[in-house]
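Chain by chain, the residues:
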Amino acid sequence: MLLRAVIVDDEPVARKVIKEYLEDIEFLELAGMAENPLKADALLGSGQVDLLFLDINMPKLSGIEFLRASAGRFYQPMVIITTAYAEYALDGFELDVVDYLVKPFSFERFLRACNKARSKYGERVLPAAGQKADHFFVKCDGSLVKVLYEELEYVEAMTNYIVLHTRARPLIVYLTMKGVLAHLPAGRFVKVHKSFIVNKDRIKSIRGNVLQLGAAEVPVSQHYFESAMQEILRDRVLKRE
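Report on the accompanying structure. (Residues numbered from 1 in each chain as written. Predicted model: local features only at pLDDT ≥ 70, side-chain atom pairs only at ≥ 80, totals over all residues. Heavy atoms only, no water.)

### Observations concerning the overall build of the protein chain
- The helix and strand inventory of the protein chain stands at seven helices and 15 strands.
- Here the protein chain holds 241 residues, and 48% of them are scored as buried.
- Long-range contacts, defined as pairs at least 24 residues apart, comprise 55% of the intrachain contacts of the protein chain with a sequence gap of at least 6.
- Surface exposure of the protein chain reaches about 13100 Å², of which carbon and sulfur atoms provide 51%. (Helix = DSSP H or I, 4+ residues; strand = E, 2+ residues; numbered from the N terminus. Buried < 20%, exposed > 50% of the residue type's maximum accessible area, 1.4 Å probe, protein only. Contact = heavy atoms within 4.5 Å. Areas by Shrake-Rupley, 256 points an atom, 1.4 Å probe, with all protein chains shown as cover.)

### Topic: the pattern of salt bridges
- As enumerated under the stated definition, the model contains 16 salt bridges in all.
- Between K16 and E20 there is a salt bridge, with its nearest N and O atoms 2.6 Å apart. Residue K16 and its partner E20 are both found in helix 1 (residues 12-23); the two are separated by four residues, about one turn of the helix.
- Overall, the relative accessible area of 51% leaves K16 in the exposed class.
- Linking K191 and E26 is a salt bridge whose minimum nitrogen-to-oxygen distance equals 2.8 Å. With a gap of 165 residues between them, K191 in strand 11 (residues 189-193) and E26 in the loop between helix 1 and strand 2 (28-34) connect regions that are remote in the sequence. Of the two residues examined, K191 and E26, each falls in the buried class.
- Each of D9, D55 and K103 takes part in one network of salt bridges that share partners. (Salt bridge = Lys/Arg side-chain N within 4 Å of Asp/Glu carboxyl O.)

### Looking at the sheet that holds strand 4 (residues 78-83)
- As summarised here, the arrangement of the five strands in space is 2-1-3-4-5, forming an open sheet in which the pairing is parallel. Of all the strands in the sheet, just strand 2 and strand 5 (99-102) have a single pairing partner and so form its edges. The sheet shows a mean angle of 20 degrees between the axes of neighbouring strands, direction not considered.
- With four bridges joining them, strand 4 and strand 5 adopt parallel strand pairing. Counted as the bridge partner of T82 is L101 from strand 5.
- Docked against the sheet, helix 1 engages strand 1 (3-8), strand 2, strand 3 (51-54) and strand 4, running at close to 165 degrees with respect to strand 2.
- The strands touched by helix 2 (residues 37-44) are strand 1, strand 2 and strand 3; relative to strand 1, the strand with the most contacts, the crossing angle is about 160 degrees. (Pairing = 2+ DSSP bridges. Axes fitted to C-alpha atoms, helices over the stretch in contact; angles between N-to-C directions.)

### With respect to the nonpolar core
- Counting 43 residues, the largest nonpolar core has L28, F53, F110 and L164 as its most contacted members.
- The element contributing the most residues to this core is helix 5 (residues 107-128), with seven residues.
- The contacts of L28, once residues within four sequence positions are left out, are L2, L3, L22, L51, F53, C114 and K178.
- Counting residues in hydrophobic clusters, the runner-up holds 18 residues, among them V8, L61, I81 and Y100. (Core = buried A, V, L, I, M, F, W, Y, C linked by side-chain atoms within 4.5 Å.)

### Considering unusual backbone geometry
- With an omega dihedral of -10 degrees, the bond running from K103 to P104 counts as a cis peptide bond.
- Looking at where P104 falls in the secondary structure, it is placed in the loop between strand 5 and helix 5.
- Positioned with a positive phi, K60 is a non-glycine residue whose angle comes to about 70 degrees.
- As for its placement among the helices and strands, K60 is situated in the loop between strand 3 and helix 3 (63-69).
- Classification of K60 by relative accessible area gives exposed; the value is 79%.

### Some details on a nonpolar patch on the surface
- Residues I206, L233 and V237 make up a contiguous nonpolar surface patch of about 210 Å² in total accessible area.
- When you line up the elements, L233 lands in helix 7 (residues 225-233).
- Accessibility expressed as a relative area gives 31% for L233, which makes it partly exposed. (Patch = residues over 30% accessible without salt bridge, like charges linked within 9 Å, V, L, I, M, F, W, Y side chains within 5 Å.)

Here it is in structure tokens:
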């Protein structure tokens, strides 16, 4: 699943930072940038944009004013507000934004917001489309091989190829991590390392930064640790009262 994103910010430096962050996230694709909402309006109204990174304090029309003016549209992309002003957070959440980032924000905080958007997109779009797919096909050893989501334990990136580790056997395929992640169900698979995507249902235990998936062990990198743990655990850890 690939989310097409647009950046709207009147500050060139802010657009550059968000663009660089966005390009490091496998499930995001930059669809365009604009210095104010009016210049991005045609693109946003096309129905081809899934996620909007929106500044608040801009000339002519603020981000909040733009969201209020767009409230009646048939199709609206998800919105992550990126601003230097924390005092507008309540206004933003009243307009159903996915997250509210106060500048300057770290890559980890940005990634956490994007993961929220990815999960929300899966909840909103896939059921609406009636998608019942439980598998995909990949070309391996000259044949098209069917891979069930429930049978895929984890994905591992090697130098020039990736390995799909299924319950039956590993499949070596000449794809990219970004391409595979775009076709995996949001909320079921999570990227925990630049070289690993795991099926959350196959995780048996967690020790430190290592995930145990049956006989296999998968490391969680420091870069992805907080967002990955939040996605995997989702407040399901029982504690003594």
